[in-house]
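Residues per chain are reported as follows:
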Amino acid sequence: MLDPVLLRSFTAVARARSFTRAAAQLGLGQSTVSQHVRRLEDAVGRPLLDRDTHSVSLTADGEAMEEFAATILDAGERAMAHFQASRVHGRVRFGVSEDLVMTRLPAILADFRHRHPQVDLELTVGLADDLERRLEAGELDLMVAKRLPGPDDGRSVIRRDRFVWVGAPGLRLGPGDPVPLLAYPPPSLSRSAAIGALEAVGRPWRMACTSGSLSGLRAAALAGLGVIAHAATLVPDGLVEIPGRAGLPPLGPVQVVLAHGRRRTDQAGELARSIRTGASDLRTES
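Attention here is on the structure that accompanies the text.

So, how was this worked out
Residues numbered from 1 in each chain as written. Predicted model: local features only at pLDDT ≥ 70, side-chain atom pairs only at ≥ 80, totals over all residues. Heavy atoms only, no water. Helix = DSSP H or I, 4+ residues; strand = E, 2+ residues; numbered from the N terminus. Rg over C-alpha atoms; globule rule 2.2 N^0.38 Å. Buried < 20%, exposed > 50% of the residue type's maximum accessible area, 1.4 Å probe, protein only. Lys, Arg positive; Asp, Glu negative; His and termini not counted. Charge placed at Lys NZ, Arg CZ, Asp CG, Glu CD. Axes fitted to C-alpha atoms, helices over the stretch in contact; angles between N-to-C directions. Parallel < 35°, antiparallel > 145°, perpendicular 65-115°, else oblique. Left-handed = near helix turned anticlockwise from the far one by under 90°. Contact = heavy atoms within 4.5 Å. Nonpolar A, V, L, I, M, F, W, Y, C, P; charged D, E, K, R; others polar. Pairing = 2+ DSSP bridges. Right-handed = clockwise from strand over helix to strand, strands pointing away. Salt bridge = Lys/Arg side-chain N within 4 Å of Asp/Glu carboxyl O.

1. Some words on the overall build of the protein
1) Next: Across its full length, the protein carries 10 helices and 11 strands.
2) Next: In summary, the protein has a C-alpha radius of gyration of 20 Å against a globular reference of 19 Å for 286 residues, a match within 12%.
3) Next: Seen through its C-alpha atoms, the protein measures out along the principal axes to roughly 60 × 45 × 30 Å.
4) Next: The buried share of the protein, reckoned over its 286 residues, is 47%.
5) Next: With 35 positive and 33 negative side-chain charges, the protein shows a spacing of 2 Å between the two charge centroids.

Here is the structure:
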C-alpha cells in the first residue's frame, strides 16, 4: 500500500514544482518533504522527479504517479468526509473566476454539497482582481482565481497554465494588421497581458469589444470581431487558438491559485481540499 502521507508530499511538490513551496503549503520542513518523496520513490522503485539546484520536474513515471496519487488521496478524503460530514456546518463565501465556472468546477461543488449538506455555499463569480480585493476585505472565505506568476504570497498554486490568443475558426488576421482586441474591462489579467504584449513589440491594436462576461466575449469572438487573450486550458467552446502566421506575440504564463480569507473555518478547509483534489478537472472539455 502507498502511504497517503508520502503521496500528499509528492503531490504538493508536483504541483508547486518546488520543495520549498510544497513544504510551506504542507506546514512541514523541506527535509521532511524531500524524505517523503525519496521514500515513495524507493517504494515504487523508480525516480518520480528530476531535480537540480534550480528546478523540479516530473519524470514520465512521476506524471503517472500524480494521477494515481490524486485518485488515492481523493478516496481517502471522501472516506473521511463521509464520517465527518455531520460535524461540518456553517457557511462558505466562495469566489471564483468566471472562466473556471465553465469547467467541471460545478461538479466538484455539487459533490461537496452532497458530502456536506449542512454547509451553505455562497458563490461569487467575478474578475480575479475584484475577487482578490474582496478576499482581503474579509468578504470571502475562499477564492480560486487566476494570477500572474510572482513572489510566493501564501496563495496555493493548484494549476499552471499560459495565456494564448483565441478567436473564431478561420479568422483572417495578417502579421501587419492592427489587432482587434476583445477583453474584460480593467482590472483584468488577460486584458493587461494582451495590451502589454502588443505594445512591447509595437503591434498596433484597437479595442473592438469590452464585456464583463465571458459569454459576451465569446459571442463577439464567434462573430469574428476580434481575438481574446485566454488561458490555454480554459478556451471557450467554439473558439480556437490563433495560428502563428498572424504574428501575434507570446503572452506568457498564468497560474490558478487557491487562497483563504482572513478567518479559516472547518467548512472552508473542507471545500479547499475538495478543490485541490479535483484541480486536474479545472479545464474545459477537449
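Once the structure has been displayed, the description carries forward.
2. Observations regarding the packing of helix α6 (residues 105-115) against helix α10 (residues 266-277)
1) Next: Relative orientation of the contacting elements α6 and α10 amounts to 135 degrees, with a least axis distance of 10 Å. It follows from the interaxial angle that α6 and α10 lie oblique. Pair α6 / α10 crosses with right-handed handedness. Residue-level inspection shows I108, L109, F112 and R115 of α6 in contact with α10, the latter providing Q267, E270, L271, S274 and I275.
2) Next: Looking at the contact of α6 with α10, its residues break down into 5 nonpolar, 2 polar and 2 charged.

3. Some thoughts on the pairing of strand β7 (residues 179-183)
1) Next: A large share of β7 lies buried, amounting to 5 of its 5 residues.
2) Next: Burial along β7 is two-sided: V179, L181 and A183 and P180 and L182, pointing in opposite directions, are all buried.
3) Next: Here β7 runs beside strand β8 (residues 205-210); their pairing, made up of 5 bridges, is parallel. What sits directly across from P180, in β8, is R206.
4) Next: Handedness of the β-α-β unit built from β7, helix α8 (residues 189-200) and β8 comes out right-handed.

4. Points about the pattern of salt bridges
1) Next: Inspection of every chain in the model, using the stated rule, returns 10 salt bridges.
2) Next: The residue R46 makes a salt bridge to D61 at a minimum N-O spacing of 3.2 Å. Taken together, the residues R46 in the loop between α3 (30-44) and β1 (49-51) and D61 in helix α4 (residues 60-84) connect sequence positions 15 residues apart.
3) Next: One salt bridge connects R273 with E270, and the closest N-O pair in it is separated by 2.7 Å. Of this pair, R273 and E270 both sit in helix α10, 3 residues apart, which is roughly one turn of the helix.
4) Next: A relative accessible area of 33% places R273 in the partly exposed class.
5) Next: The exposure class assigned to E270 is buried, which follows from its relative accessible area of 9%.

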